[in-house]
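# Descriptive structure summary
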Amino acid sequence: MAMYRVACPGCGAPVEFRSAASRMAVCGYCRTTLLRDADAVRDIGKQAALIDDHSPVQIMTAGQYAGQGFTVVGRIQLRYEHGVWNEWHLLFDDGSAGWLGDFAGQFVITRPDGQAIGPPLFDKVEPGNRWSHGGIFWCAADIRTAECVAAEGELPFPVDARWIARVVDYRHRDEFLTLDYSDLPPAVFRGRAVTLAALRAQRLREGDDVAARASRLQGGVSTLLCPACGAPAAVVPGVTQHLSCPSCSSQILLAASQAEVIRRQTADDRAVGATLQAGETLTIDGIAWRVMGWLRCGVPHVASEPEWYEYLLFAPQKGFLWLIEAREGWQRAEVLDVWPESFSGSAARLNGVSYVRRHLYTAEVRQVVGAFPWRARTGERTEIGEYVKGDRVLNLERGPHELGWSLACPVDPDTVAGWAGRKLASIVRTGDALDDGVQALAGAGDKAALRPIAWVFSVLMVVMNMRFMLPFNVDAMFVTGVMVFLLWIPVRSAGDEAAD
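Residues numbered from 1 in each chain as written. Predicted model: local features only at pLDDT ≥ 70, side-chain atom pairs only at ≥ 80, totals over all residues. Heavy atoms only, no water.

## Some details on the environment of Leu199
In this fold, Leu199 is placed in the loop between β15 (187-194) and α1 (207-214). Under the relative-accessibility criterion, Leu199 is labelled buried at 2%. With 129 residues separating them along the chain, Leu199 and Phe70 place their C-alpha atoms 9.7 Å apart. Not counting the four nearest positions on each side in its chain, Leu199 is found in contact with Gly63, Gln64, Tyr65, Phe70, Leu100, Ile109 and Val194. (Helix = DSSP H or I, 4+ residues; strand = E, 2+ residues; numbered from the N terminus. Buried < 20%, exposed > 50% of the residue type's maximum accessible area, 1.4 Å probe, protein only. Contact = heavy atoms within 4.5 Å.)

So this is what it looks like as structure tokens:
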């Protein structure tokens, strides 16, 4: 029931304020922005058109959270460097407010949570920084500066295209905490990751409505003709925001039902093939997964490190999944909504299981092909920390402005070939190739590097046996000489191989 209703000064249509705390409303017919001041409203101009992101949520969507009903009464659409997301304004049955964050089919509900005591400076926060609030040490996961694209419905404060949001998202296990620096001191919001099914969401947008607006259903996979070369490319309506054309590698921005070329690939850029191709379908556990795109990655400035591929898969029923192809084998990886209970530079603990850190390195994106929910770009670097438990790998991924966790499990190459329904010419080594690789690692160059070590152990062996060899113990001298000779056999063999 509306608490306040007024005729839009732009078109005369009724505009309702359902919350006493709402200060702004956007007419759903002509997009005139109304600013509420006491019991009067004034026209402060037109709102820009929303980017149709095909979200199933809409104004008047209702649901249940933490034992209370809520209704969606407004939305702010925000754009940052890598994509666009929605913040839906919620009005709960008790008159309190909250927000439903909506990005690429992932949802988070947060509600006001008191004052920020000793908050960090926004410009000083880095991914992984800790901050204490409510008796919990939170870990900084995402630092974003975003601009308002458009707004609709009721909002508790006025916004326009010049409004800038500065937010830091923190994580603790399955909980979220947001510091909103739009005002000072920053506001605190706390909540959890949710699904629309768990919220028992009602009055969602119908598939026919989505189809009428964009001629394709939410969650489906469609085909876009590249505006640079005309080649077809698979995209997910409402999810794909950036595309690297599989044919010409041009960078395409998808927004507001339009595709805009933002960078054409030069002829000098090296094109390297991948085992799986963008647009290919894999059947995993009876579900069809489409390969939306892939990244060719490597370790910068280390030519000896082999490259690997990361494939992004999408299924309307399941969302996103990663397949990783490296020389050591295939892995299936999923981004974690529930973070480890604890982690340090040497160990991490997830769901009661301890993982030990094995590697820490920097990964660089060297080639991008296909469609992604964010703008994937060549040259981007991410710090990777690998924590292992048996054959399972818990990955900490830290970039300049975000931090996340994923869990990877090995997959047999024959299994991947079965999913693809064809024989794969993979970069994964077979058993013979692995044996060759071990021999290569023990090649002439590496063996030559053992020469100083051989000298050290030879001297140590002689010194340690000196008391047995003196005075002139032939047996001890003979045994020591044999041991030194055996120690130098591999090094001498390496020298002979190098000479050949």
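## A few points about the packing of aromatic side chains
All told, the structure shown has 13 aromatic pairs when counted by the stated rule. Relative to Trp85, the ring of Tyr80 has its centre 5.6 Å away and its plane inclined at 75°; by these criteria the two rings are edge-to-face. Of the two residues examined, Tyr80 and Trp85, each falls in the buried class. Here the aromatic rings of Phe314 and Phe320 are separated by 5.1 Å at their centres, their planes lie at 50°, and the arrangement is tilted. For Phe314, a relative accessible area of 6% translates into the label buried. Connected via pairs of aromatic rings, a cluster forms that spans Trp294, Tyr309, Tyr311 and Trp330. Just above the ring of Phe92 sits the side chain of Arg111; from NZ or CZ to the centre is 3.7 Å. A cation over a ring is seen here: Arg144 above Trp85, with NZ or CZ 4.7 Å from the ring centre. (Phe/Tyr/Trp six-rings, centres within 6.5 Å; stacked < 30°, edge-to-face > 60°. Lys NZ or Arg CZ within 6 Å of the ring centre and 35° of its normal.)

## Re the nonpolar core
Residues Leu276, Leu282, Tyr311, Leu313, Leu323 and Trp330 are the most contacted members of the largest nonpolar core, which totals 23 residues. Listed by contribution, the elements that provide at least two residues to this core are β21 (281-284), β22 (287-298), β23 (308-315), β24 (319-326) and α2 (413-420). Residues within four places of Leu276 in sequence aside, it is in contact with Leu282, Val291, Trp294, Tyr311, Leu323, Trp330, Ala420, Arg422 and Leu424. The next biggest cluster of nonpolar side chains, apart from the first, holds 18 residues, and it includes Leu295, Trp322, Ala333 and Val365. (Core = buried A, V, L, I, M, F, W, Y, C linked by side-chain atoms within 4.5 Å.)

## Some thoughts on the side chain of Glu386
For Glu386, the location among the structural elements is in strand β29 (residues 381-389). A polar side-chain atom of Glu386 sits 2.9 Å from a polar atom in the side chain of Tyr361. (Polar contact = N/O pair within 3.5 Å; in protein donor to acceptor, adjacent residues only side chain to side chain.)

## Notes on the pairing of strand β9 (residues 97-103)
Burial analysis of β9 places six of its seven residues in the buried class, the great majority of the element. As defined by bridge partners, strand β8 (residues 83-92) adjoins β9 across six bridges and the pair is classed as antiparallel. Considered in β9, the bridge of His89 is made with Trp99. Bridge analysis of β9 against strand β10 (residues 106-115) gives five bridges, and the strand direction is antiparallel. (Pairing = 2+ DSSP bridges.)

## Description of unusual backbone geometry
In this chain, Leu184 is followed by Pro185 through a cis amide linkage whose omega measures 0°. Although it is not a glycine, Arg203 sits at a positive phi angle of roughly 55°. Tracing the sequence through the fold places Arg203 in the loop between β15 and α1. In this model, Asn351 sits at a positive phi of 50°, which is unusual for a non-glycine residue. Mapped onto the fold, Asn351 is located in the loop between β27 (347-350) and β28 (353-372).

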